[in-house]
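Given next are the chains, with one letter for each unit.
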Amino acid sequence: MPPSLDRLSPAQLGVFYLAVAHLIWGAMAYYLKLLIYIPAWELAMHRAVWSVPVAGLTLLWQGRMGDVIGVLRRPRDLLTLAFTGGLIACNWGFYIWSIEVHRTIEASLGYYINPMINVLFGLAFLGERFSRMQTAAIALACVGVLMQAWAVGVFPWLGLFLATTFSLYGFIRKTIAIGPAQGFFVEASLMAVPAAAVLAWLALRSEGHFGVAWGETLGLVGLGVMTAAPLLLFATAIKLVRYSTAGMMQYISPSLVFLTAVFVFGEPMTFWRWMSFVVIWIALALYTWASVRNEAA
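Described below are features of the structure shown in this document. Quick caveat: nothing in here was measured; it's all calculated off a predicted structure.

Before going further, it helps to spend a moment on the overall build of the protein chain. When helices and strands are tallied, the protein chain shows 13 helices and 0 strands. The helix and strand sequence of the protein chain, counted from the amino end, reads α-α-α-α-α-α-α-α-α-α-α-α-α. Here the protein chain has a C-alpha radius of gyration of 19 Å; the compact-globule value for 297 residues is 19 Å, and the two agree. Looking at the protein chain residue by residue over its 297 residues, the buried ones come to 52%. For the protein chain, the proportion of contacts with a sequence separation of at least 24, taken over those separated by at least 6, is 87%. Of the roughly 13,200 Å² of accessible surface on the protein chain, a fraction of 73% belongs to carbon and sulfur atoms. Side-chain charges of the protein chain comprise 17 positive and 12 negative groups, with the mean position of each set lying 10 Å from the other.

Enumeration according to the criterion identifies 5 salt bridges in this entry. One salt bridge in this structure joins Asp77 and Arg74, with 2.4 Å as the shortest N-O distance. Arg74 gets classed as partly exposed once you look at its relative accessible area, which sits at 35%. Of the charged contacts in the structure, one is a salt bridge between Arg173 and Glu187, with a shortest N-O distance of 3.3 Å. In this pair, Arg173 sits in helix H8 (residues 157-175) while Glu187 sits in helix H9 (residues 180-204), placing the two residues 14 residues apart along the sequence. Arg173 sits in the buried class, given a relative accessible area of 2%.

Along the chain, the position of Met147 falls in helix H7 (residues 132-152). Ignoring anything within four residues of it in the chain, the contact list for Met147 reads Trp272, Met275, Ser276 and Val279.

Take a nonpolar patch on the surface next. A cluster of nonpolar side chains, contributed by Tyr30, Leu34, Phe263 and Val264, occupies part of the molecular surface with about 450 Å² of accessible area. Position of Val264 among the secondary structure elements: in the loop between helix H12 (252-263) and helix H13 (271-296).

Right, let's get into the packing of helix H6 (residues 104-125) against H8. Each pair of packed helices gets described by two things: the angle between the helix axes and the distance between those axes. Between H6 and H8, whose axes approach to 7 Å, the crossing angle comes to 40°. As the angle between them shows, H6 and H8 are arranged oblique. In the packing of H6 onto H8, the handedness of the crossing is right-handed. Contacts between H6 and H8 involve Glu106, Ala107, Gly110, Tyr111, Ile113, Asn114, Ile117, Asn118, Phe121 and Phe125 on the former and, on the latter, Trp157, Leu158, Gly159, Leu160, Leu162, Ala163, Thr164, Phe166, Ser167, Leu168 and Phe171. Residues that form the contact of H6 with H8 fall into these classes: 14 nonpolar, 6 polar and 1 charged.

How each quantity is defined
Residues numbered from 1 in each chain as written. Predicted model: local features only at pLDDT ≥ 70, side-chain atom pairs only at ≥ 80, totals over all residues. Heavy atoms only, no water. Helix = DSSP H or I, 4+ residues; strand = E, 2+ residues; numbered from the N terminus. Rg over C-alpha atoms; globule rule 2.2 N^0.38 Å. Buried < 20%, exposed > 50% of the residue type's maximum accessible area, 1.4 Å probe, protein only. Contact = heavy atoms within 4.5 Å. Areas by Shrake-Rupley, 256 points an atom, 1.4 Å probe, with all protein chains shown as cover. Lys, Arg positive; Asp, Glu negative; His and termini not counted. Charge placed at Lys NZ, Arg CZ, Asp CG, Glu CD. Salt bridge = Lys/Arg side-chain N within 4 Å of Asp/Glu carboxyl O. Patch = residues over 30% accessible without salt bridge, like charges linked within 9 Å, V, L, I, M, F, W, Y side chains within 5 Å. Axes fitted to C-alpha atoms, helices over the stretch in contact; angles between N-to-C directions. Parallel < 35°, antiparallel > 145°, perpendicular 65-115°, else oblique. Left-handed = near helix turned anticlockwise from the far one by under 90°. Nonpolar A, V, L, I, M, F, W, Y, C, P; charged D, E, K, R; others polar.

And the structure:
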């Protein structure tokens, strides 16, 4: 770890990891757009397959590969990780699909809703409490989310699905007694087995995109880094910070996706969408400042 990061408290380090993870997630929309001609389900399977070597190399670097054996000997933990792997795979698939069908802004709404569900989980199940400023920030964020939903003009089923699956994933990963890298490696491995079988079947039928051209092949392999790196950072950070704090920082990535959808993809924008964007970022700034001040005290 760099010396500058050694001076951070565990909570502050968690905030740093979350910020980096969300910056990578924010760039994911543009990355996926470059591969938009490949079906969403095929991209989701490549994300699972190529995440395994990235997670495996991380464990080898940490000298923790032996810990995976212990996880494999506990059927309950395996079932739990199979469930969380299924949650994140569904989340990936629908998110990629939203980009393919030009509903990126609607998908970003889901990740705006996500922190509110995180806050509810933290309040209901983890006994977390909030300062007055944090409570005001949460209320302001709720107003921004309602503005965003009204501006989209449809019942946000896609956003609610993405928010619920990712919130549940994060909550289970926070409460399960398994290291972040070890847990993600097992998750990815469980997902990769059926995914690799389907991709092999596509290759035999000459219907897959892997190996056809070097550019798209590198792009598919790169999905492993783009997928594993932020999830490993997130899974590590979620152990270091309050779950509600992790939830409020969730606004970073959808805001980047939101801006990408508007200025790069050219999806329609309205005054109320801009206003909701401003309100949510003010809430994020207030909550983050209050959290860092409280946890550093």
